[in-house]
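# Coordinate analysis (summary)
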Amino acid sequence: MPELLRRYLPILQWGRTYDRQQAGSDLLAAVIVTIMLVPQSLAYALLAGLPAEMGIYASIVPILLYAVFGTSKALAVGPVAVVSLMTAAAIGKIAVPGSAEYIAAAITLAFLSGLMLMALGLLQLGFLANFLSHPVIAGFITASGIIIATSQLKHVLGVPAEGHNLYELAGSLLTHSGGLNPHTFLIGAISAGFLFWVRKGLKPLLTGWGIPARLADVMAKAGPVGAVALTILAAWWFDLGSKGVALVGDVPQGLPPLTMPVFSFDMWLALAGSAMLISVIGFVESVSVAQTLAARRRQRIDPDQELIGLGAANVGAAFSGGYPVTGGFARSVVNFDAGAATPAAGAFTAVGLAFASLTLTPLLYFLPKATLAATIIVAVLSLVDFSILKKTWIYSKADFLAVASTILITLGFGVEAGVTTGVLVSILIHLYKSSRPHMAVVGQVPGTEYYRNVLRHKVITDEHILTVRVDESLYFANARYLEDAIYDLASRRPKLKHVILMAPAINAIDMSALESLEAINERLKAGGVTFHMSEVKGPVMDRLKRTDFLDELTGKVFLSQHQAVSELAGKPRRGGAAKSKPVG
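Bear in mind that the values here come from a model prediction, so they are computed numbers and not experimental data.

Bringing the overall build of the protein chain into the picture now. Counting its secondary structure elements, the protein chain contains 25 helices and eight strands. With the C-alpha coordinates aligned to their principal axes, the bounding extent of the protein chain is approximately 95 × 60 × 60 Å. Per-residue burial over the protein chain gives 53% buried out of 584 residues. Look at the contacts in the protein chain between residues 6 or more apart in sequence, and 80% of them connect residues 24 or more apart. About 26600 Å² of surface is accessible on the protein chain, with carbon and sulfur atoms providing 64% of the total. Side chains of the protein chain carry 45 positive and 37 negative charges; the gap between the two charge centres is 10 Å.

Right under this line is the structure:
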């Protein structure tokens, strides 16, 4: 039982050796991340169409729970831009933004997402996230970043706009562009310009003034707080609310409330698909960040336990007035760079946010929504990376197709359609590639025991022996392709006596492929050709021994390809270049 507890409660492992030095590092990191999270949390709640305080609520209890169940020492959990956008798209289908039903749907979505993540973790199904390839994720995030930035222009311009894709949002903005509020636009444009400058120019300026690099970095990270403070002061001083500038207004003061998800079958059914997509996207983003940061310190994370940690965080969000959360890239990097030594840094951050929720929320009344929108725009535009299109076009046209389709569908039809398309295209491309495995006719490299593709190397071949190397596991989707390829190659060699299937890259053979091998054996036998195999891996050989295939095999299974050719040829290998045409 103690071992089981340590397996599912990582805090029992790092907590035993926690010391004062680690606490100091964690406290410093928590202060920096808290300063960053206050405006971010408010902004992302706005993006999700939820009350501003829900962003802070979603950053307190979830962080505490992740510190208990998570394995990353630097991952900072909370609301993120992409998940906030997906939340808005999901709950906007079943409730009116701003309504009590809308808030209840967001809480329920967090609960469902948490349950799904925990179930995947307990069943050790984290590998399912691998169906979202990195190029597809990059394309999805790029398209989502464009949609998010476009959706926030309404707050910067002070005009109404609706839509869940780029076409709808752009059309709505153009339709209402005549109602632009100059005061709102001024606040939004200045805030965005200031935040863009802070990201690149403030730290060099401060270090040039002699301020230590560490302190300058902290001050640069606090740039959004500066924008919030200055625009709150401006809105109060100039009474911008009376001039049509939308303000955050009353933000409840206090700790997160106890809330309950809606236990309605109809709502669960309506949200289930979205919850799964949010869970997978959130997990992929989170575990990618966690693994990257862990590698820098030669640490490791447990992906399946990460699922449990993120699941617990989302369930915690559901019971504390929050909405779906995951590990954020920007705040996690800040947490790491600030020296976070253990997940306790997240717990200290939660305490800092709780303090802000208790004491600072009354000051947010005059905060212009345009400032929060500018914060979101600046944050998400850093995620937009069209270079992935050029990279995939050069390296792999199939990956380019997956990325391009994901971007176009996301922009044209919304985030859920985009990520679904990305997953389906990735799977279809994988199936297509694996159904047509790379195959090569091989020959002996002169003076060696190595065998290589006859099209790439000058090798020795024998007109009586055909060796085909298959660089893929054999299964139902490519079994028939193997049959056709071998029959075609054999039919073009009238003096052929032996066919060798060279299998160093074959990691598995399923039942359909086994039947194909049996068919190949029988057909070659009918033509007076013996069928052999070489370099068969142990696990594959173990499975073949359970069948009568080896008994029916007309030839032999050789330990090495060189042994096979030497025995079948019956003389030393000599001679010129290959004449055969390989497959694939």
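For the second largest pocket, the calculated volume is near 780 Å³. Contributing to the lining of the second largest pocket are 34 residues, with Leu46, Gly49, Pro97, Lys154 and His155 lying nearest its centre. Listed by contribution, the elements that provide at least two residues to the lining of the second largest pocket are α3 (20-47), α4 (52-57), α6 (81-91), α8 (134-157) and α17 (369-381). It is α8 that contributes the most residues to the lining of the second largest pocket, five residues altogether. Looking at side-chain class alone, the lining of the second largest pocket contains 21 nonpolar, eight polar and five charged residues.

In this model, glutamine 124 sits at a positive phi of 55°, which is unusual for a non-glycine residue. The topology assignment puts glutamine 124 in the loop between α7 (100-122) and α8. For aspartate 239, which is not glycine, the phi dihedral falls at a positive 50°. Inspection of the secondary structure assignment puts aspartate 239 in the loop between α12 (223-237) and α13 (265-296). Judged by relative accessible area, aspartate 239 falls into the partly exposed class, the value being 41%.

With that settled, the discussion passes to the packing of helix α5 (residues 61-69) against helix α16 (residues 344-359). Where α5 meets α16, the axes come as close as 8 Å, and the angle between the chain directions of the two elements is 165°. Taken together, α5 and α16 sit at an angle that is classed as roughly antiparallel. With respect to the hand of their crossing, α5 and α16 are arranged in left-handed fashion. Facing α5, whose interface residues are Ile63, Leu64 and Ala67, α16 presents Gly346, Ala347, Thr349, Ala350 and Leu353. Tallied by class, residues from the contact of α5 with α16 come to six nonpolar, two polar and no charged.

Before going further, it helps to spend a moment on the confidence of the model for the protein chain. Looking at the protein chain as a whole, the pLDDT averages 88, with 96% of positions reaching at least 70. Ignoring residues within four places in sequence, the model shows residues 572-584, a span with pLDDT below 50, making 37 contacts including any to other chains.

Pairing within the open sheet is mixed, and its six strands lie in the order β4-β3-β5-β6-β7-β8. Both outer strands of the open sheet, β4 (451-453) and β8 (557-558), are each paired with one neighbouring strand and no more. Against the sheet, helix α22 (residues 511-526) contacts β6 (498-502) and β7 (530-534), and its axis sits at roughly 140° relative to β7.

Okay, the nonpolar core next. Core analysis: the largest hydrophobic core is formed by 107 residues, its most contacted members being Leu42, Leu50, Met86, Ile91, Phe140, Tyr323 and Leu367. The element contributing the most residues to this core is α13, with 13 residues. Ignoring any residue separated from it by four or fewer positions in sequence, one finds leucine 367 in contact with Leu42, Val228, Thr231, Ile232, Ala246, Leu247, Val248 and Leu372. Within the second largest apolar cluster, 35 residues are counted, among which are Met439, Val459, Ala485 and Ala503.

Three or more residues of helix α23 (residues 538-545) are buried, namely Val540, Met541 and Leu544. The arc that holds every buried residue of α23, seen down its axis, measures 100°, which confines them to one face. What points out from α23, more than 90 degrees from its buried face, is the exposed set Pro539, Arg543 and Lys545. Its buried side turned inward, α23 meets α22, β7, α24 (549-552) and β8.

Moving on, we come to a nonpolar patch on the surface. The grouping of Leu233, Trp236, Trp237 and Phe238 at the surface amounts to a nonpolar patch, some 530 Å² of accessible area in total. With respect to the element layout, leucine 233 can be found in helix α12.

Those residues of helix α25 (residues 561-569) lying buried are Gln561, His562, Ala564, Val565, Leu568 and Ala569. Projected down its long axis, α25 shows its buried positions confined to an angular sector of 160°, all on one face. Where α25 is buried, its residues touch β3 (439-444), β4, β5 (465-470), β6, β7 and β8. In the stretch just after α25, glycine 570 is the one whose phi turns positive, near 75°.

Let us now look at the packing of helix α21 (residues 479-491) against α22. Following both chains from N to C, one finds α21 and α22 inclined at 20°, their axes separated by 9 Å at the closest point. Between α21 and α22, the angle falls in the class roughly parallel. When the axes of α21 and α22 are compared, the crossing they make is right-handed. Packed against α21, whose contacting residues are Ala479, Arg480, Leu482, Glu483, Ile486, Tyr487 and Ala490, the element α22 presents Ser512, Ala513, Ser516, Leu517, Ala519, Ile520, Arg523 and Leu524 at the interface. Classifying every residue of the contact of α21 with α22 gives 10 nonpolar, two polar and three charged.

Moving on, we get to the environment of leucine 550. Within the secondary structure, leucine 550 is located in helix α24. Of the residues examined, leucine 550 reaches a relative accessible area of 24% and is grouped as partly exposed. Note: C-alpha distance between leucine 550 and arginine 298 (252 residues apart in sequence) is 47 Å. Among residues more than four places away in sequence, those in contact with leucine 550 are Met541, Leu544, Lys545 and Val557.

The next thing to look at is the packing of aromatic side chains. Taken as a whole and judged by the stated rule, the model has 10 aromatic pairs. Ring plane angle 70° and centroid distance 5.9 Å describe the contact between tryptophan 14 and tyrosine 18, whose orientation is recorded as edge-to-face. Under the relative-accessibility criterion, tryptophan 14 is labelled buried at 14%. Relative accessible area serves as the criterion here: at 26%, tyrosine 18 is assigned to the partly exposed category. Ring geometry for tyrosine 475 versus phenylalanine 476: centroids 5.0 Å apart, planes at 80°, classification edge-to-face. Accessibility expressed as a relative area gives 17% for tyrosine 475, which makes it buried. Residue phenylalanine 476 is classed as exposed on the basis of its relative accessible area of 57%. One aromatic cluster in this structure is built from Phe111, Phe263, Trp268 and Phe319.

Calculation notes
- Residues numbered from 1 in each chain as written.
- Predicted model: local features only at pLDDT ≥ 70, side-chain atom pairs only at ≥ 80, totals over all residues.
- Heavy atoms only, no water.
- Helix = DSSP H or I, 4+ residues; strand = E, 2+ residues; numbered from the N terminus.
- Buried < 20%, exposed > 50% of the residue type's maximum accessible area, 1.4 Å probe, protein only.
- Contact = heavy atoms within 4.5 Å.
- Areas by Shrake-Rupley, 256 points an atom, 1.4 Å probe, with all protein chains shown as cover.
- Lys, Arg positive; Asp, Glu negative; His and termini not counted.
- Charge placed at Lys NZ, Arg CZ, Asp CG, Glu CD.
- 1 Å grid on protein atoms, 1.4 Å probe; cavity = no way out; pocket = protein on both sides within 12 Å on 5 of 7 lines; lining within 4 Å.
- Points joined across faces, edges and corners; volume = space filled by probe spheres on them.
- Nonpolar A, V, L, I, M, F, W, Y, C, P; charged D, E, K, R; others polar.
- Axes fitted to C-alpha atoms, helices over the stretch in contact; angles between N-to-C directions.
- Parallel < 35°, antiparallel > 145°, perpendicular 65-115°, else oblique.
- Left-handed = near helix turned anticlockwise from the far one by under 90°.
- pLDDT = per-residue confidence, 0-100.
- Pairing = 2+ DSSP bridges.
- Core = buried A, V, L, I, M, F, W, Y, C linked by side-chain atoms within 4.5 Å.
- Arc of directions from axis to C-beta.
- Patch = residues over 30% accessible without salt bridge, like charges linked within 9 Å, V, L, I, M, F, W, Y side chains within 5 Å.
- Salt bridge = Lys/Arg side-chain N within 4 Å of Asp/Glu carboxyl O.
- Phe/Tyr/Trp six-rings, centres within 6.5 Å; stacked < 30°, edge-to-face > 60°.

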